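One letter stands for each residue in the lines below.
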Amino acid sequence: MVAALNGDLFVGAFIRRIQDALFKQVHGFKHRQLVALTRLVFLYAKYQKHIKRSIVLLICAALIERIHKMKRLMTSQRASPKDGGQAEAGKPRRSGAQLDKRFFDNLRRLIAIVVPRALCKESAMLAAHTLLLIFRTFLSVAVAALDGQIVSALVRLQGREFLWGIARWMGMAVPATLTNSLLTYLQTALAIRFRQNLTEHVHKKYLSGNTYYAVGNLDDRVRNADQLIAVDIRKFSDSLAELYSNLAKPTLDAFVYNVQLARSLGVESLFGIMLIIQASMGMLRVLAPPFGQLVAQEQRLEGEFHFAHSRLIEHAEEVALYRGHEAEKRSITRRYMRLVRHVSRVVRLNVFYGMLEDFVVKYFWGAAGLVACAAPVFAQRIPGAAAASAASSASVSSDLGSRTRDFITNRRLLLSGSDALGRMMYSYKEIVELAGYTERVTDLLTVLNDVGEGRYVKTKVGTAAAKNAGAPEADIVSQRGRLVESADDVEFIGVPIVSPNGDVLVRSLSFHVTPGRHLLIVGPNGCGKSSMFRILGGLWPVYGGTLRKPSMSQIFYIPQRPYLPIGTLRDQLIYPDSAAEMKAKGVTDIDLLGILDVVQLRHIVEREGGWDTVKLWKDALSGGDKQRIAMARLFYHRPRYAIMDECTSAVSMDIEKTMYTHATDLGITLLTVSHRQSLWQYHNYILQYDGQGGYVFSRLDPERRIQLTEEKQQIEQELASIKEMESRLHDLELQAAAY
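Residues numbered from 1 in each chain as written. Predicted model: local features only at pLDDT ≥ 70, side-chain atom pairs only at ≥ 80, totals over all residues. Heavy atoms only, no water.

1. Section: the overall build of the protein
Then, number 1: When helices and strands are counted, the protein shows 23 helices and 12 strands.
Then, number 2: Relative to its full complement of 739 residues, the protein shows a buried share of 40%.
Then, number 3: Pairs at least 24 residues apart make up 76% of the contacts formed inside the protein by residues separated by at least 6 positions.
Then, number 4: In the structure as shown, the protein presents an accessible area of about 41100 Å², 60% of it carried by carbon and sulfur atoms. (Helix = DSSP H or I, 4+ residues; strand = E, 2+ residues; numbered from the N terminus. Buried < 20%, exposed > 50% of the residue type's maximum accessible area, 1.4 Å probe, protein only. Contact = heavy atoms within 4.5 Å. Areas by Shrake-Rupley, 256 points an atom, 1.4 Å probe, with all protein chains shown as cover.)

Here it is, written out as structure tokens:
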């Protein structure tokens, strides 16, 4: 037992010796660390001015390098060579929006449209917005200082100072809330003005001449112009207005807050924080998904989905009669699923990136700022820190209340600065999203400019593609003929009838029509009858030869399915004139009733509720009534030439006779496509296509042609009966041989 007790005493003594030795080692290590830290502080205090100058020079060099890098980006050669980075007609489009020279050129081009002049309403709104942003920034600095004073008074138990600080706080709330409301109002108003200016600019180009027709029928680059005009322009305008506020305010905040922090914490602490921020921002940029390409792709898929539904609504009757709902459902579902898959992919990418971005911006930067705020306070415990503090620009108070005030103020400034940098990071995502909208809107403007100048990009498919695959001659679609405005005649001189797809229907068409020479046009389907009218009406370009025709105001087109606009019953007769233009011409409602008498539709005024009744007329009127309304529209305008494309197919022959007779009595020269023999008597020339690229233009003798046609039909019937008799005779011979 004694031996065991002696052993325990020996072990205890041994452990105490080890602990004493470890304590001496640790104490010596801490002492050496403290000595080294003290030497480092004295060394820093000795060369502090040189260190500050080096940091300032380093910051200036980094800023110059960043500006130079941005300049290289702005002058990058990756952009297209002309017209502000626009793609030339016929050149392939790039896969997605990028932050390169093309983006900045396109953005400058659009900004010149939304802010047309230096002295305009938009410029004044931007100036007011900028002044409010500056005022709010300095107001935020004052609030941060007041916040520190209130907490300092609370710690020092100074009730009067505390209440005075609260009163000042409430006083600052009035201009702060007013400023925030005005900023929101100006941002919304700017977005509206931007959209208005850009939409008016696009409408001026899109609705001039036949551009709206050519964009959808002669060019393949824009498939959903309605989506671009109604949706993408709005999103671009909203994004541009938000970007100015979300980028200018954080930039100003970061600058002002950094200046204030440099005064209170010192340039060195601020420089350390900026190094951490730059490193984390670089990491976020590397890990960021391609938001610009994703947004542009999403808008394209949205447009295709919208177009599929619009097409179904337009052709609902035909689809229903064919019972094609399942096929349309498959087509729409396929487009919708492509959109859903893309949006789901974007959401999945945003989950990871948003989590990383929130962690870095809200927590990592906040923790770094708190360390920077606390560092001057804890550094006072280091020997030699007083000398360094004396030479430093940072002010560190000695009493508890002052330290609390400085800490709260600096913390408020750091959190506000961190929030400003975070908004700048978020604005990068907004910039690349803006790049997507900019890409699509600029593509629309490029196509409108090209189409307005007669440059089209059309994908050749089917017959045209097969023919042109090995053709050595130049593409006929890229050629242009001469268009000459004549006084009163229509003449085609060697004009090819070519579809925009490149199918040559007639190699060279020549004929001449003068007033009073009514022309009947016949031929099989797809031979070029309607194509010739589209060229004559200015919808399709002249691909060769010479076309002489009067101005479009002297040519009126009546299709088989007339267009009935949204408006009153009066508007249906006078379209495209307005009621004011009708009165300026000296036409009254009584005159319109006389026109309706000709087409035997006088009763429709009373039946539909008067001239000012507004309805969806394409559904309210029957097919025959629509065609008679179109003929009444022709009699109202009384042009020199009328292009009539099967425009009386749903009208009875007696009413058709009345309308054609009245048209000729008004001096209107008729260019008619019809297979009705009853219309031959109103024409004295005929243009007959053979469906193989040939044609015959000659005088028309209606009586003689009717006789020849009847004789032809009789011979065909007799030949058919002979074939039947020969077949029956052959059968009888076979039956007789069997018995």
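2. Things to note about the packing of helix H3 (residues 101-114) against helix H5 (residues 159-206)
Describing two packed helices takes the angle between their axes plus the distance from one axis to the other.
Then, number 1: Here H3 crosses H5 at 100°, and the two axes come no closer than 8 Å. Judged on the interaxial angle alone, H5 and H3 are roughly perpendicular. Contacts between H3 and H5 pair Leu110, Ile113 and Val114 from the former with Phe194, Asn197, Leu198 and His201 from the latter.
Then, number 2: Classifying every residue of the contact of H3 with H5 by side-chain character gives five nonpolar, two polar and no charged. (Axes fitted to C-alpha atoms, helices over the stretch in contact; angles between N-to-C directions. Parallel < 35°, antiparallel > 145°, perpendicular 65-115°, else oblique. Nonpolar A, V, L, I, M, F, W, Y, C, P; charged D, E, K, R; others polar.)

3. What to know about the sheet that holds strand S6 (residues 555-558)
Strands belonging to one sheet form pairs held by backbone hydrogen bonds; the direction of such a pair is parallel or antiparallel.
Then, number 1: With respect to topology, six strands assemble into an open sheet ordered S6-S9-S10-S4-S11-S12, the strand pairing being mixed. Because the sheet does not close on itself, it has two edges, and the strands there are S6 and strand S12 (695-699). In this sheet, adjacent strand axes meet at a mean angle of 15° when their direction is disregarded.
Then, number 2: Note: S6 against strand S9 (residues 641-645), four bridges, orientation parallel. Each bridged residue has a counterpart across the sheet, and for Ile555 the counterpart in S9 is Tyr641. (Pairing = 2+ DSSP bridges.)

4. Things to note about the sheet that holds strand S2 (residues 490-498)
Then, number 1: Here we have four strands laid out as an open sheet, ordered S1-S5-S2-S3, and mixed in their pairing. Because the sheet does not close on itself, it has two edges, and the strands there are strand S1 (482-485) and strand S3 (504-513). For this sheet, the mean angle separating the axes of adjacent strands, direction not counted, is 25°.
Then, number 2: Pairing geometry for S2 and S3, over six bridges, is antiparallel.

5. Focus: unusual backbone geometry
Then, number 1: With an omega of 5°, the peptide bond between Tyr575 and Pro576 qualifies as cis.
Then, number 2: Among the structural elements, Pro576 can be located in the loop between helix H16 (569-574) and helix H17 (579-584).
Then, number 3: Here the phi dihedral of Arg638 falls at roughly 50°; this positive angle occurs in a residue that is not glycine.
Then, number 4: You can see Arg638 is positioned in the loop between helix H21 (623-637) and S9.
Then, number 5: Its identity is not glycine, yet Glu646 carries a phi of approximately 50°, on the positive side.
Then, number 6: Following the sequence through the fold, Glu646 ends up in the loop between S9 and helix H22 (653-665).

6. Concerning the pattern of salt bridges
Then, number 1: Going through the model one piece at a time under the given rule, you end up with 24 salt bridges.
Then, number 2: When the shortest N-O distance is used, the salt bridge between Arg455 and Asp450 registers 2.4 Å.
Then, number 3: A residue is classified by how much of its surface remains accessible, and Asp450, at 4% relative accessible area, is buried.
Then, number 4: Residue Asp619 pairs with Lys618 through a salt bridge whose shortest N-O separation is 3.4 Å. (Salt bridge = Lys/Arg side-chain N within 4 Å of Asp/Glu carboxyl O.)

Just geometry here; none of it tells us what the structure is for.
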